[in-house]
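Survey of secondary and tertiary structure
Chain by chain, the residues run as shown.
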Amino acid sequence: EIQNQTGELTDGFHLLMDALEMNGITNIYGLLGIPVTEVGRMWQARGNKFYSFRNEQNAGYAASVAGYLTKKPGVCLTVSAPGFLNGLTALANATTNCFPMILISGSSEREIVDLQQGDYEEMDQLNMARPHCKAAYRINRPEDIGVAVVRAVRAALSGRPGGVYLDIPARLFSQTMSAEEGKKSLWVPVDPAPAQIPAPEAVKRAVDLIKGAKKPLILLGKGAAYAQCDDDIKALVEETGIPFTPMSMAKGLVSDTHPQCGAAARSMVLQESDVVILIGARLNWLLSHGKGKTWGSPKQFVQIDIKADEIDSNVPIAAPLVGDVQSCVNALRAGLKGMAKPTEWMNAVAERAAGSRSKLASKLSTPTPIMNYHNSLGTIRDVLKNYPDIILVNEGANALDNARMVIDQYQPRKRVDTGTWGVMGVGMGSAVAAAAESGKPVVAICGDSAFGFSGMEFETITRYNLPVTVIIMNNGGIYRGDEANPEHQFSCMKFNPETRYDMFGKSLGGEGVRVETPEDLAKALEASIKSGKPTMIDAIIDPAAGVESGRIGNLNIVSTIGKK
Ligand code: OXT
Ligand code: ADP
Ligand code: MG
């Protein structure tokens, strides 16, 4: 075709952008350089948004969170080898979390890479990416850009969502073809995330099991939040009268303050329930693999998941419901119509939850000489109560676990955290995407260690003037800041106590406030939300307040023969 080109021409740059735009992509998160620089410039010139980051990993986390929040693939653009590898961490994390994302990286010339002749940033990126995502494709000809983008969108969104890699050798960007032919080579996939209806026998099996239960429980995961069928899920909860408990990112899918919310009776409902209905939640480490003392009495599980081989991953599943959350939930609702509500069990759960909530309330309002996690987060909770549509980003160990416990969520998809891997460093990327995609204020609560992984992106936040408040839970270290120094060294678990996150925030063009009391923290947070200005709040937390590994200390390995 190249020889027969007549009339108006297009090239790889234009076709890639045309294809992305046609597929509804308006924001790209990335970091520019050889060979993708022009993509950024041209994307902006077309009136789209390019969020330009300081490290690709954070751009990648942003893209994955955009995917989670919008149910459209988030797009991250990087340069070759090292830029690609930085982005790959986020692509792997997206795949692990079942978030739809497309990582697009420029790459070096095939003939040199394949003979290992030492090209600029040489790396066989396609093969590196493959094990870390759902699909990986290379585009070799401009006329294939359209089909590649469609395949990437479909792979990212269909079935269990996840990450897709698109490899674009540098030369392709400037390759030309006829504009008319180019236009014809692009399309939008019909129904890229098709509904998957559960089989009637499977529905009947689940319905019978639930109807026979004395102490049923609904367990909501982030797959249920992702599915965006919030009203159907709420209706299932209310029509059946079954208590529910959310995994962290499913908090708010049905409000934490709903009378059927069993979050504050978590250990009780996991132990005492007899039939557990998992909706978009895997029985992985976060749920103790469905066994052990967390689960107490014998259970029977109903599991709703779109991925058939997720069923029986850890323990026998009595009633698998393979399909999309919305179709499965509505099939259950139809089958359970008129079901007798488990009122006695629900009342017992509500009573335990009310007891835990009031016990916690007194801890939250107890003043201490230096702020601790409870009284600082209690104050944050009180402020955020008035802004139910703010997206909360949360990372750290104690900063994560306590915030998850203390801060109620009222609306779906308003909490983004460290997810399935418990990964630190998602904070600033998530905050950028949350603000960019929602157009609403964002509050990020970060441990001081967690923040350090992506801290420089606060400059990205100020540069785009995003309404983001970052609260650093500054206890001076990983888990704690009071560990004794070994001889001639600074403890490996602590940070420089002179660190001023407020001044760091100011130096990057934002507001910066240091607070040492819950009252000042509340004032600073309220002012920041009202002003909409990027703000860094350095909240001084008692270095002795945290516990090693937070709530997952049981996973921490220690020497049985003592320290030497
Ligand atoms: O029912 P019981 O009695 O059991 O009580 C439960 C609820 O009923 C109750 N509850 C309530 N009570 C009253 N009122 C209300 N409203 C209420 N709601 C709940 O509270 C308890 C607890 O409830 P919860 O939280 O729901 O349940 P539980 O039992 O905790 O749930 C279990 C889990 C496993 C589902 C849950 O704990 C969970 O989701 N955990 C996630 C944990 C996680 O992912 N942690 C992050 C990783 S830790 C570690 O790896 C860190 N690193 C290493 C590292 C990482 N991660 N990544 C990378 C790239 N490199 C290195 C590092 C470096 S953390 C870390 C930094 C840490 O330092 P920071 O400075 O950042 O942070 P600080 O610790 O603050 O210093
Ligand atoms: P959590 O960490 O909140 O427990 P997980 O990430 O472990 O949640 O589980 C999410 C599950 O939801 C995954 O197994 C995924 O296959 C599933 N899932 C994602 N989207 C859908 C959907 N639309 N319909 C059905 N299942 C889905
Ligand atoms: Mg800390």
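Residues numbered from 1 in each chain as written. Chains lettered and ligands numbered in written order. Predicted model: local features only at pLDDT ≥ 70, side-chain atom pairs only at ≥ 80, totals over all residues. Heavy atoms only, no water.

**Let's talk about the site of ligand 1**
Surrounding ligand 1, one finds 34 residues, the nearest of these being Tyr373, Asn398, Gly422, Asp448 and Arg551. The separation between a nitrogen atom of ligand 1 and a polar side-chain atom of Arg357 is 3.5 Å. Between an oxygen atom of ligand 1 and a main-chain N or O atom of Gly477, the distance comes to 3.0 Å. Burial of ligand 1 by the protein chains amounts to 79% of its free accessible area of 1,400 Å². Mapped onto the shell around ligand 1, the elements with two or more residues apiece are helix H13 (266-272), helix H15 (343-364), helix H17 (398-406) and helix H19 (448-452). Per element, the largest residue contribution to the shell around ligand 1 is six residues, and it comes from H17. (Near = heavy atom within 4 Å. Polar contact = N/O pair within 3.5 Å; in protein donor to acceptor, adjacent residues only side chain to side chain. Areas by Shrake-Rupley, 256 points an atom, 1.4 Å probe, with all protein chains shown as cover. Helix = DSSP H or I, 4+ residues; strand = E, 2+ residues; numbered from the N terminus.)

**Section: the packing of aromatic side chains**
For the structure on display, the rule yields nine aromatic pairs. Following the ring pairs from residue to residue traces out a cluster consisting of Tyr29, Tyr51, Phe53 and Tyr464. The ring of Phe490 carries Lys494 above its face, with NZ or CZ at 5.2 Å from the centroid. (Phe/Tyr/Trp six-rings, centres within 6.5 Å; stacked < 30°, edge-to-face > 60°. Lys NZ or Arg CZ within 6 Å of the ring centre and 35° of its normal.)

**What about the coordination of the magnesium ion (ligand 3)?**
Taken together, Asp448 (OD), Asn475 (OD1) and Gly477 (O) make up the full set of protein donors to the magnesium ion (ligand 3), lying 2.1 to 2.2 Å away. In the primary structure, the donors to the magnesium ion (ligand 3) are separated according to the pattern D-x26-N-x1-G. With a relative accessible area of 3%, Gly477 lands in the buried category. (Donors = N, O, S within 2.8 Å, 3.2 Å for Na, K, Ca; no water. Buried < 20%, exposed > 50% of the residue type's maximum accessible area, 1.4 Å probe, protein only.)

**So, the pairing of strand E16 (residues 442-447)**
In summary, the side chains of a regular strand alternate between the two faces of the sheet. Among the six residues of E16, six are classified as buried, and the element is accordingly described as predominantly covered. For strand E14 (residues 391-395) and E16, the ladder comprises five bridges, and the chain directions are parallel. Each residue of the ladder has a partner; that of Ile391, found in E16, is Val442. Summarising the sheet, E16 and strand E17 (residues 468-474) pair through six bridges and their orientation is parallel. Along E17, the bridge assignment pairs Cys446 with Ile472. (Pairing = 2+ DSSP bridges.)

**Looking at the site of ligand 2**
Taken together, 19 residues surround ligand 2, and among them Arg160, Lys222, Arg282, Asp305 and Val325 come closest. A distance of 2.8 Å separates an oxygen atom of ligand 2 from a polar side-chain atom of Arg160. Contact between ligand 2 and Arg282: an oxygen atom at 2.8 Å from a side-chain N or O atom of the residue. If ligand 2 stood free it would expose 590 Å²; the protein chains cover 96% of that surface.

**A word on the pairing of E17**
For E17, the tally of buried residues reaches seven of seven residues, placing the bulk of the element in the interior. Across six bridges, the pairing between E17 and strand E19 (residues 535-540) is parallel. Following the sheet pairing, Ile472 is matched in E19 by Asp538.

**Regarding the pattern of salt bridges**
Counting across every chain of the model gives 35 salt bridges. For Asp144, the salt bridge identified is with Arg141, shortest N-O distance 2.9 Å. One continuous salt-bridge network, built from bridges that share partners, spans Arg110, Asp114, Asp124, Arg138 and Asp167. (Salt bridge = Lys/Arg side-chain N within 4 Å of Asp/Glu carboxyl O.)

**Some points on the sheet that holds E14**
The six strands are arranged E15-E14-E16-E17-E19-E18 in an open sheet whose pairing can be described as parallel. The outermost strands of the open sheet, each flanked by one partner alone, are strand E15 (415-416) and strand E18 (511-515). Lying on the sheet, helix H16 (residues 373-384) is in contact with E14, E16 and E17; it crosses E17 at an angle near 165 degrees. (Contact = heavy atoms within 4.5 Å. Axes fitted to C-alpha atoms, helices over the stretch in contact; angles between N-to-C directions.)

**As for a nonpolar patch on the surface**
A contiguous nonpolar patch, built from Trp285, Leu286, Ile552 and Leu555 and spanning about 320 Å² of accessible area, is present on the exposed surface. Its location among the elements puts Trp285 in the loop between strand E11 (275-279) and strand E12 (300-305). (Patch = residues over 30% accessible without salt bridge, like charges linked within 9 Å, V, L, I, M, F, W, Y side chains within 5 Å.)

**Looking at the confidence of the model for the chain**
Averaged over every residue, the pLDDT of the chain is 97; residues scoring 70 or more account for 99%. The ipTM value of the predicted complex is 0.99, and its pTM value is 0.98. (pLDDT = per-residue confidence, 0-100.)

**Some details on the state of the cysteines**
This structure, assessed with the given rule, holds zero disulfides. Unpaired in terms of disulfides, Cys261 finds its nearest cysteine sulfur in Cys229, a separation of 18 Å. Residue Cys328 stays outside any disulfide, its sulfur separated by 9.6 Å from that of Cys229, the closest cysteine. Relative accessible area serves as the criterion here: at 0%, Cys328 is assigned to the buried category. (Disulfide = S-S within 2.5 Å.)

**So, the environment of Ile34**
Mapped onto the secondary structure, Ile34 falls in the loop between strand E2 (27-30) and helix H2 (37-45). Separated by 86 residues in sequence, Ile34 and Tyr120 place their C-alpha atoms 9.5 Å apart. Ignoring anything within four residues of it in the chain, the contact list for Ile34 reads Val79, Ser80 and Tyr120.

**Concerning helix H22 (residues 518-531)**
For H22, spanning 14 residues, the distance from its first C-alpha to its last is 20 Å, which sits close to the expected 20 Å at 1.5 Å a residue. For H22, every residue scored as buried is listed here: Pro518, Leu521, Ala524, Leu525, Ser528 and Ile529. Buried residues of H22 fall within an arc of 125 degrees about the axis and therefore sit on the same side. Pointing more than 90 degrees away from the buried face of H22 are the exposed residues Glu519, Lys523 and Lys530. (Expected span 1.5 Å × (residues − 1). Arc of directions from axis to C-beta.)

**What about unusual backbone geometry?**
Along the chain, Ile34 connects to Pro35 via a cis peptide bond; the corresponding omega equals 5 degrees. With phi around 65 degrees, Lys71 is a residue other than glycine that occupies positive phi space. Take Lys71: it is sitting in the loop between helix H3 (56-70) and strand E4 (74-78).

**Overview of H2**
Of the positions making up H2, those classed as buried are Val39, Gly40, Met42 and Trp43. Its buried side turned inward, H2 meets helix H1 (12-22), E2, strand E3 (49-52), E4 and helix H8 (170-174). Directly beyond the C-terminal end of H2, a positive phi value near 90 degrees is found at Gly47.

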